[in-house]
Amino acid sequence: MELAISSFLIVCPLVFLAGFVDAVGGGGGLISLPAYLLAGIPVHHAIATNKLSSCIGTAISTIRYCWKRKLDWVLAAGSIGLALAGSAVGAHLSLLVEERILKLLLMIVLPVVAFYVLRTKNLEGNQKPPLSRRGTITIAWIAAFMIGCYDGFYGPGTGTFLLLVFTGAARMDMMTAAANTKLVNFSSNLAAMVVFLLNGKTYIGLGLISAVFCVAGHYIGAEMMLKNGTKIVKPIIILVLVLLFLKLIIDR
């Protein structure tokens, strides 16, 4: 399918904005997927192409974050394997759902995900005593598979949900939780991306170009030391979601 130049003109700036927002305050995934839908990309292709661009962006941030950090590789290896499996399952399930039903699901799931992502900004206050090593690993592995399924099926908010479970239920310290969140998120993105590529749902050109904009947005957002920068995140996300809802309603 030939994509109109207008698709690139809509997607690329919004994906750049998603990367910027993600770097400043989190929640960029709530902009990147709607960006493709606002450009008129069919739902399955939108999810698939978003996976390609987000996988590249996540790979760079994961390497950058985990480089020279001491990781618990027993916990990480199991989490990575289960995230790969869960995401592959979720992606296959997504392909089985009809487009009109998937659009309806988006209208239901988007506001719920947005609510949790936007209200959860400070996770560093967790002072609960740690669990046993077996307990931490068990919870982390279950979360990696279950949230991996969600990421393969849909995606936005995955990083926030992982961090919530890892710091809350699994009671990891913030540094360990953040490192494992990066690894699991990249793994689930990778598995879903491969499934969608093999099923011919990805617009590779659009995905690669938008990935460049995503990385640029992350880089500029991380470099800019904005005072109270997170204040701009909520209005931007809400505006994009309102535009998407209006488009979904009009398309119906």
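Here, every reference points to the structure presented above.
Criteria and thresholds
Residues numbered from 1 in each chain as written. Predicted model: local features only at pLDDT ≥ 70, side-chain atom pairs only at ≥ 80, totals over all residues. Heavy atoms only, no water. Helix = DSSP H or I, 4+ residues; strand = E, 2+ residues; numbered from the N terminus. Buried < 20%, exposed > 50% of the residue type's maximum accessible area, 1.4 Å probe, protein only. Contact = heavy atoms within 4.5 Å. Core = buried A, V, L, I, M, F, W, Y, C linked by side-chain atoms within 4.5 Å. Phe/Tyr/Trp six-rings, centres within 6.5 Å; stacked < 30°, edge-to-face > 60°. Patch = residues over 30% accessible without salt bridge, like charges linked within 9 Å, V, L, I, M, F, W, Y side chains within 5 Å. Areas by Shrake-Rupley, 256 points an atom, 1.4 Å probe, with all protein chains shown as cover. Salt bridge = Lys/Arg side-chain N within 4 Å of Asp/Glu carboxyl O.

Student: Help me understand the overall build of the chain in this model?
Tutor: The number of helices and strands found in the chain is 10 helices and 0 strands. Tracing the chain from N to C terminus, the helices and strands come up as α-α-α-α-α-α-α-α-α-α. Burial statistics for the chain: of 252 residues in total, 48% are counted as buried. Partitioning the contacts of the chain with sequence separation of at least 6, the portion at a separation of at least 24 is 84%.

Student: Explain unusual backbone geometry here, please?
Tutor: Note: most peptide bonds trans; most residues except glycine with negative phi. Despite not being glycine, R171 shows a phi value in the positive range, around 55°. If you trace the backbone, R171 turns up in the loop between α7 (158-167) and α8 (174-198).

Student: Would you mind going over the nonpolar core with me for this structure?
Tutor: Across soluble globular proteins, you tend to see nonpolar side chains buried next to one another. With 57 residues, the main nonpolar core has I31, I41 and F166 as its most contacted residues. Per element, the largest residue contribution to this core is 8 residues, and it comes from helix α5 (residues 99-119). Apart from the residues within four sequence positions on either side, I41 is in contact with L3, S7, Y36, A46, Y203 and L206. Of all hydrophobic cores here, the second largest spans 5 residues; its members include C66, L71, A179 and L183.

Student: Would you explain the packing of aromatic side chains in this entry?
Tutor: To describe a pair of aromatic rings, one takes the distance between the centres and the angle between the planes. All chains considered together, the criterion is met by 2 aromatic pairs. Both rings, one in Y150 and one in Y154, keep their centres 5.7 Å apart while their planes meet at 80°; by these two values the pair is edge-to-face. With 5.7 Å between their ring centres and 65° between their planes, Y150 and F161 make a pair best called edge-to-face. With Y150 in helix α6 (residues 133-153) and F161 in helix α7, this residue pair connects regions lying 11 residues apart in the sequence. Among the aromatic residues, ring-to-ring pairing joins Y150, Y154 and F161 into one connected group.

Student: Got a minute to help me understand a nonpolar patch on the surface in this structure?
Tutor: On the surface, I238, L239, V242, L243 and L246 cluster together into a nonpolar patch covering about 450 Å² of accessible area. Note that L243 resides in helix α10 (residues 233-251).

By themselves, these observations are geometric and do not establish any function.
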